[in-house]
Amino acid sequence: MAHAYTSGLRVSTRTVVPKTRRLPLRGQVLVSVGDRVEPDTVVAETYLPGPVHNVNVANALAIAPEDVPDCMLKQQDDAVEEGELIAESKGIFGLLKSSARCPVRGTIEMVSEVTGQVLIREPSTPVRINAFINGRVTELLPGEGVVVETVGAYIQGIFGIGGEVHAPIRLIVDSPGTEITGEMIDERCSGQIVCGGSMIALDALRKLIEVGASGVVVGGMQYHDIGALLGYQIGVAVTGGEEIGLTMVVTEGFGRLPMAERTFELIRSLQGREASMSGATQIRAGVIRPEIIAKGAPILGASERPGPRDGGPEGR
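Residues numbered from 1 in each chain as written. Predicted model: local features only at pLDDT ≥ 70, side-chain atom pairs only at ≥ 80, totals over all residues. Heavy atoms only, no water.

A count of helical and extended segments in the protein gives 5 helices and 23 strands. Across the 316 residues of the protein, 46% fall into the buried class. Excluding contacts between residues fewer than 6 apart, the proportion of contacts in the protein whose partners are at least 24 apart in sequence is 68%. Within the structure as shown, the protein displays about 15,300 Å² of accessible surface, and the carbon and sulfur contribution to it stands at 50%. (Helix = DSSP H or I, 4+ residues; strand = E, 2+ residues; numbered from the N terminus. Buried < 20%, exposed > 50% of the residue type's maximum accessible area, 1.4 Å probe, protein only. Contact = heavy atoms within 4.5 Å. Areas by Shrake-Rupley, 256 points an atom, 1.4 Å probe, with all protein chains shown as cover.)

As structure tokens, this is what we get:
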């Protein structure tokens, strides 16, 4: 039985789309207000601290904790390699020395003469966020990120899975009620956001992944097919982090559901145009819908921006 949930979804041929791009923790903003950005432009970056490892040097050298600093061959803030000698006892007449080696590559963060332990932190992991859309930076969020705006076509879906992608739109059916089948899929779908009508079956979806499609947009999909694809039943709370090889947006609901005529015709008009697409969905508080944003006309001046009645996003 099919279930449609499309009430209130936004579909616009032309609207101002603001996107807030925010780091998961404070970092550095790399662009300025007014900068033109592409979807892959890195707009901010930060570094996640690496895990900390504890080496009990006092035990390894069989010495008192307060003697550890005198036996250290590496000091606080020194870089160290995995297996490198970091401490060595003085031994007896220079013989019978004990030693301690570093278990991982990193930096010595602390040498304690109270506990006799040495803390070694692995290298930080860089985290970068990109602009996601073609547009212009309109606002800086110091230490956190930016707001990027563009003007273009905007389509919200009801449900999605997978992360952010950017690729040309390719429509492979001729009506909103037509199902995408495996016979319609070939190498020309590689690197494309493939759009169809009423539904895509599991075998066709797997073929899209096999040929390297970037995304797929359809009216409906069988709910149990999602579980079969992921290997687990997905919850209704938050999606967007799934790694299945492409991003999927369902515009109408679960089951065989013709894509809304307006949505289908808009996609038809966008054939071959670059689009940014996200499958992130959040049903609970702070609702997030999956979306497709097609590369549009040059940014309008503030006085030319379409209002909410255009059907586009009203906020961030």
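Once you've had a look at it, read on.
Our next topic: the sheet that holds strand β12 (residues 125-130). One open sheet holds the 3 strands; their spatial order is β3-β5-β12, and the pairing between them is antiparallel. Looking at strand neighbours, the two that pair on one side only are β3 (28-29) and β12, the edges of this open sheet. One ladder, built from 6 bridges, connects strand β5 (residues 42-48) with β12; its direction is antiparallel. What sits directly across from Y47, in β12, is P126. (Pairing = 2+ DSSP bridges.)

Let's shift gears to the environment of A213. Residue placement: A213 occurs in the loop between α3 (202-211) and β18 (215-221). Given the relative accessible area of 2%, A213 is considered buried. It is 6.5 Å that separates the C-alpha atoms of A213 and I193, two residues lying 20 residues apart in sequence. If near-sequence neighbours (up to four positions away) are discounted, A213 is found in contact with C189, S190, G191, Q192, V194, L208, G245 and L246.

The next subject is the confidence of the model for the protein. When the pLDDT values of the protein are averaged, the result is 88; 89% of them are 70 or greater. Here strand β1 (residues 3-4) is the element of the protein with the lowest mean pLDDT, 55, and β3 is the one with the highest, 98. In this model, residues 297-316 is a region of pLDDT below 50 whose contacts with residues beyond four sequence positions or in other chains number 42 contacts. (pLDDT = per-residue confidence, 0-100.)

Turning our eyes to something else, we now look at the sheet that holds strand β6 (residues 52-56). Strand order in the open sheet formed by 4 strands is β6-β11-β10-β7, with antiparallel pairing between adjacent strands. With partners counted over all chains shown, the strands left at the sheet margins are β6 and β7 (79-80), one partner each. Pairing analysis gives 4 bridges linking strand β10 (residues 106-111) to strand β11 (residues 117-121), with the strands arranged antiparallel. Of the residues in β11, the one forming a bridge with V111 is V118.

Time to look at the side chain of Q156. By secondary structure assignment, the location of Q156 is in strand β14 (residues 145-156). One polar contact links Q156 to Y154, side chain to side chain, over a distance of 3.5 Å. Excluding residues within four positions of it along the chain, Q156 makes contact with G8, L9, R10, R289, P290 and E291. (Polar contact = N/O pair within 3.5 Å; in protein donor to acceptor, adjacent residues only side chain to side chain.)

What follows is about the packing of aromatic side chains. If you walk through the whole model with that rule in mind, you get 2 aromatic pairs. Here the aromatic rings of Y223 and F254 are separated by 5.3 Å at their centres, their planes lie at 80 degrees, and the arrangement is edge-to-face. With Y223 in helix α4 (residues 223-230) and F254 in strand β20 (residues 247-254), the pair connects residues that are 31 residues apart, well separated along the chain. The exposure class assigned to F254 is buried, which follows from its relative accessible area of 17%. Clustering of aromatic rings is evident, with ring pairs tying together F159, Y223 and F254. (Phe/Tyr/Trp six-rings, centres within 6.5 Å; stacked < 30°, edge-to-face > 60°.)

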